[in-house]
Amino acid sequence: MNYFVLADCNNFYVSCERVFNPKLEGKPIIVLSSNDGCVVARSQEAKKLGIKMGEAFFQVKDLCSRHKVLVFSSNYQLYGDMSQRVMDVLSEMAPEIEIYSVDEAFLKYPGTIPSHEMYSICEENRRILKRWVGIPISFGIAPTKTLAKVANDLAKKNRDIGIFNLSDPVEREKILQKYPIGEVWGIGGRLRARLQALNIFTAGDFCKMDPVIVRRKFGVVGERMLWELRGVSCLGLAKSAPKKSITFSRSFGRAVTEKEELAEALATFVSKACIKLRSQKGCAKAMYVFLESQLSSKEFVRQQFSAAVDFPMPTNDTPQMITAAKECLTQLFQENQRYKKCGVILLDIIPEAQVAPDLFLGGLNQKRSHLMHTVDAVNARFGKQSVFFGAMGVNTPWTGRIANRSGYNTTSWNRLPIAKTSTPQTRVNSRKSSTTFFA
DNA sequence: TCTGGGGTCCTAGGACCC
DNA sequence: TCTGGGGTCCTAGGACCC
């Protein structure tokens, strides 16, 4: 038996904002999604005010201004960079690691370590991460990944300690008996409803079910969940694998009606998706292009139009894909539509090395491939979009709202925080904080 | 006025093959 | 009269995750 430990950063995006602006400690803070659409992260103080995850911002705006909630637009460059730092440190700490999301990782330790010692290891890891990176983190310890998720959830409920050990089977049984089934990792709204209809309300109830029946009613996924909750590990650490599909899409800041603007947006998304594709040394066999328009301003209903292209040879060539995306746009575009969003998805991605030369088309175009890699190298060295394709346009009138974005404290020399030494205590201030109070 | 963005896995059913 | 059986691949859709 091994230990699975789920390390999960507390209120990650909020914590990232706080690292470079300590004045934010103890204040209610929320971070919004792209386009300042809805709430994607909340500090404890904001949670206490009743602001829900995923709630539309305009619906809580008044509440925010009444309680002086600090509102940030999302700053993915900052969060991505901070995530990298956290994961680097965690990788040093554990024998094995699976980076599960931007703010979570599963760690695996050998079962020979005594349970109480696992606890001490996590205490130490927590202390180091806070000190080295500045991000508070919680640990859940258990014999399976699903139980580690439960343990982490319990750790978060007592964040001063921030660690919960669910290794002891007797104690575990008592806890699972009270743990709502809908909170279990892998149980969404639909499955919860189906389980409740069978009088299964807690993880403990579920554990008592017959595996054969669970298999029949809920498939392999259900049965796996059952054994995991019973303490039998079915899910190992996933190896980091190249993406099988890459999506790039955005909602617009306003309705877009011009075909040219859509073409520029699509070219931009294709270009970004291709950079990601080449960075994992992949080629896509197909591309899917979609546009979304709003049916009416009263109801939140969107209509989607899509087209797909199969490439004669798998490719990662940006100009070729931009051309293909433009052809899709021509098929899809309708005058007098008010488009709110568009995007591209690169599909059926295979490793570059596996692209078989075609009898008639030949192999990958070496010259073009070299050009693409040179463009990527220039942009990596001199900053994003030092070189870009004309088709992407320069005005980007379609970009979304980002009213309150913090600085690029970790990724731009011009935005480094300044340490003031004139005051008795050294304080770190962000030079150009665009934080605003809604007052 | 205003509601994000990016993924994965599994299953069922149809097409097709021998 | 009587119409097999087994396998693979592909796709769409469902469900879930952060």
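Refer to the structure above for everything that follows.
What you see is a predicted model, and the numbers here were worked out from it, not measured in a lab.

S.K.: Just give me the short version of the sheet that holds strand 10 (residues 282–294), but keep the residues and values in it.
M.R.: The sheet built from 4 strands is open, its strands ordered 9-12-10-11 with antiparallel pairing. A strand with exactly one partner marks an edge of an open sheet, and here the two such strands are strand 9 (246–256) and strand 11 (302–315). The mean angle between the axes of side-by-side strands here comes to 15°, regardless of whether they run parallel or antiparallel. Alignment of strand 10 against strand 11, held across 10 bridges, turns out to be antiparallel. Bridge pairing links Gln-294 to Arg-302 in strand 11. Relative to the sheet, helix 12 (residues 318–332) contacts strand 10, strand 11 and strand 12 (339–351), its axis offset from that of strand 11 by approximately 145°.

S.K.: Could you give an account of the protein's contact with DNA strand C, naming the residues involved and the relevant values?
M.R.: Inspection of the region around DNA strand C gives 13 residues, with Ser-101, Lys-149, Gly-186, Arg-190 and Leu-191 positioned closest. Sugar and phosphate atoms represent 100% of those atoms of DNA strand C found within 4 Å of the protein. Contacts to DNA strand C include Ile-187, whose backbone N or O atom sits 3.2 Å from a phosphate oxygen. At a separation of 3.0 Å, a phosphate oxygen of DNA strand C approaches a polar backbone atom of Gly-188. Elements with a contribution of two residues or more to the surface near DNA strand C: strand 5 (96–101) and helix 8 (189–197). When residues of the surface near DNA strand C are assigned to their parent elements, the largest contribution, 3 residues, is made by helix 8.

S.K.: Which residues make up the pattern of salt bridges, and what are the values?
M.R.: Summed over the entire model, instances satisfying the criterion amount to 11 salt bridges. Between Lys-157 and Asp-153 there is a salt bridge, and its shortest N-O distance comes to 3.2 Å. One end of the pair is Lys-157 and the other is Asp-153, both in helix 6 (residues 145–157) and 4 residues apart, which spans about a single turn. In this structure, the salt-bridge partner of Glu-223 is Arg-215, at a minimum N-O distance of 3.1 Å. The class of Glu-223 is buried, set by a relative accessible area of 18%.

S.K.: Can you break down the nonpolar core residue by residue, with the values?
M.R.: Within the largest apolar cluster, 38 residues are counted, with the highest numbers of intra-cluster contacts made by Leu-90, Leu-129 and Phe-139. Mapped by element, the contributors of at least two residues to this core are strand 1 (3–9), helix 1 (12–19), strand 2 (29–32), strand 4 (70–72), helix 4 (76–93), strand 6 (104–109), helix 5 (115–132) and strand 7 (137–142). The greatest single-element share of this core, amounting to 8 residues, is contributed by helix 4. Residues Phe-269, Cys-274, Val-289 and Met-392 belong to the second largest nonpolar core, which totals 37 residues.

S.K.: Help me get a handle on the sheet that holds strand 8 (residues 163–165), residues and values and all.
M.R.: Hydrogen bonding along the main chain pairs the strands of a sheet, whether they run parallel or antiparallel. Ordered in space as 5-6-1-7-8, the 5 strands form an open sheet in which the pairing is mixed. With partners counted over all chains shown, the strands left at the sheet margins are strand 5 and strand 8, one partner each. When the angles between neighbouring strand axes are averaged without regard to direction, this sheet yields 15°. Judged from the 3 bridges that link them, strand 7 and strand 8 form a sheet pairing that is parallel. Its bridge partner being in strand 8, Ile-141 is matched across the sheet by Asn-165. Of the strands in this sheet, strand 1, strand 5, strand 6, strand 7 and strand 8 touch helix 6, which is tilted by about 135° from strand 7.

S.K.: Lay out the pairing of strand 1 with the relevant residues and their values.
M.R.: With 7 of its 7 residues buried, strand 1 lies for the most part within the structure. Burial along strand 1 is two-sided: Tyr-3, Val-5, Ala-7 and Cys-9 facing one way and Phe-4, Leu-6 and Asp-8 facing the other are all buried.

S.K.: Run through the pairing of strand 3 (residues 39–42), naming residues and quoting values.
M.R.: In the sheet, strand 2 pairs with strand 3 via 3 bridges, with the strands oriented antiparallel. Counterpart to Leu-32 in the pairing with strand 3 is Val-39. The turn joining strand 2 and strand 3, which pair antiparallel and follow one another in sequence, is formed by 6 residues; a positive phi near 65° is taken by Asn-35.

S.K.: Lay out the state of the cysteines with the relevant residues and their values.
M.R.: Applying the stated criterion to the full structure yields 0 disulfides. For the unlinked cysteine Cys-234, the closest cysteine sulfur is that of Cys-207, found at 12 Å. Residue classification places Cys-234 among the partly exposed residues on the basis of a relative accessible area of 35%. Among the cysteines around Cys-274, which has no disulfide bond, Cys-283 carries the closest sulfur, lying 9.7 Å off.

Thresholds, definitions, all that
- The residue numbering used here restarts from 1 in each chain and proceeds along that chain's sequence as written.
- Written order determines the labels here, with chains lettered from A and ligands numbered from 1.
- Totals for whole chains, interfaces and linings use all residues, but because this is a predicted model, local features are given only for residues with pLDDT of at least 70 and pairs of side-chain atoms are given and counted only at 80 or more.
- The side-chain values count all of the structure's non-hydrogen atoms but skip hydrogen atoms and water molecules.
- Strands are labelled as partners when DSSP assigns at least two bridges between them.
- Per the convention used, a helix needs a DSSP run of H or I reaching at least four residues, while a strand needs a run of E reaching at least two, with both numbered from the N terminus.
- Only C-alpha atoms enter the line fits that serve as axes; for helices the fit covers just the stretch in contact. Angles between N-to-C directions range over 0 to 180 degrees.
- In what follows, residue pairs with any heavy atoms lying within 4.5 Å of each other are defined as contacts.
- One heavy atom within 4 Å of a molecule or strand is enough for the residue carrying it to be called near that molecule or strand.
- By the criterion applied in these results, polar contacts are pairs of N or O atoms within 3.5 Å in which, for protein atoms, one can donate a hydrogen and the other can accept it, and in which residues neighboring in sequence qualify only through two side-chain atoms.
- By definition here, a salt bridge exists when the distance from a side-chain nitrogen of Lys or Arg to a carboxyl oxygen of Asp or Glu is within 4 Å.
- The buried label goes to any residue with under 20% of its type's maximum accessible area, the exposed label to any with over 50%, and the partly exposed label to all in between, with areas taken from a 1.4 Å probe on protein chains only.
- As used in this record, nonpolar core signifies buried Ala, Val, Leu, Ile, Met, Phe, Trp, Tyr and Cys residues forming a set joined through side-chain atoms within 4.5 Å.
- For the purposes of this analysis, a disulfide is any pair of cysteine sulfur atoms at a distance within 2.5 Å.

On their own, these measurements won't tell you what the molecule is for.
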